[in-house]
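Tertiary structure, described
Spelled out, the chains give:
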Amino acid sequence: SLCSPPPNSRFESLSTQVDAESFMLVYGSPVITDLQNAVGVPQNGLSTADLVVLGTNLGATGQIIVNITSTNSTGDRAIGIKTYTPNDEEVTSWDHEMITLTVVG
């Protein structure tokens, strides 16, 4: 493409050319090969679990949705759903083959 400079500019002419071949990117669906769940260090009196998701094509972005059921010392149960993304402080790593995070509750 050819660009024209504004009037009274110090450039006489400006030319840019880009040659590129088109190509297609194909992504496979995510595949979970292993799910590891280990008891973590309690935080503020709440139990935690260190969760490791192993697989292929997990992507650099996305969401992990965890259904959390916890029981306190008096036997009361709490059920909730938490969504984790790569930028959440509970997530310690997230790449195409492994995601690690700490689940509280």
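See the structure printed just above.
Residues numbered from 1 in each chain as written. Predicted model: local features only at pLDDT ≥ 70, side-chain atom pairs only at ≥ 80, totals over all residues. Heavy atoms only, no water.

Bringing the sheet that holds strand S8 (residues 98-104) into the picture now. The antiparallel open sheet is built from four strands, whose spatial order is S3-S4-S8-S7. A strand with exactly one partner marks an edge of an open sheet, and here the two such strands are strand S3 (31-39) and strand S7 (91-94). With direction set aside, neighbouring strand axes in the sheet form an average angle of 20°. Two elements, S3 and strand S4 (residues 48-56), share eight bridges in a ladder whose sense is antiparallel. (Pairing = 2+ DSSP bridges. Helix = DSSP H or I, 4+ residues; strand = E, 2+ residues; numbered from the N terminus. Axes fitted to C-alpha atoms, helices over the stretch in contact; angles between N-to-C directions.)

For the rest of this paragraph, the subject is the nonpolar core. Core analysis: the largest hydrophobic core is formed by 12 residues, namely Leu51, Val53, Leu58, Ile64, Val66, Ile68, Tyr84, Val91, Trp94, Ile99, Leu101 and Val103. Those elements giving two or more residues to this core turn out to be S4, strand S5 (64-71), S7 and S8. Excluding residues within four positions of it along the chain, isoleucine 68 makes contact with Ala78, Ile79, Gly80, Lys82, Tyr84, Val103, Val104 and Gly105. (Core = buried A, V, L, I, M, F, W, Y, C linked by side-chain atoms within 4.5 Å. Buried < 20%, exposed > 50% of the residue type's maximum accessible area, 1.4 Å probe, protein only. Contact = heavy atoms within 4.5 Å.)

Tracing the sequence through the fold places threonine 48 in strand S4. Judged by relative accessible area, which is 6%, threonine 48 ranks as buried. Of note is the side chain of threonine 48, whose polar atom sits 2.8 Å from the backbone oxygen of valine 41. If near-sequence neighbours (up to four positions away) are discounted, threonine 48 is found in contact with Ala38, Val39, Gly40, Val41, Pro42, Gln43, Thr102, Val103 and Val104. (Polar contact = N/O pair within 3.5 Å; in protein donor to acceptor, adjacent residues only side chain to side chain.)

With respect to the helices, strands and loops of the structure, glycine 59 is situated in the loop between S4 and S5. Once the C-alpha coordinates of glycine 59 and methionine 98 are considered, the two residues, 39 residues apart in sequence, prove to be 9.3 Å apart. If we ignore the near neighbours within four places in the chain, the residues touching glycine 59 are Trp94, Asp95 and His96.

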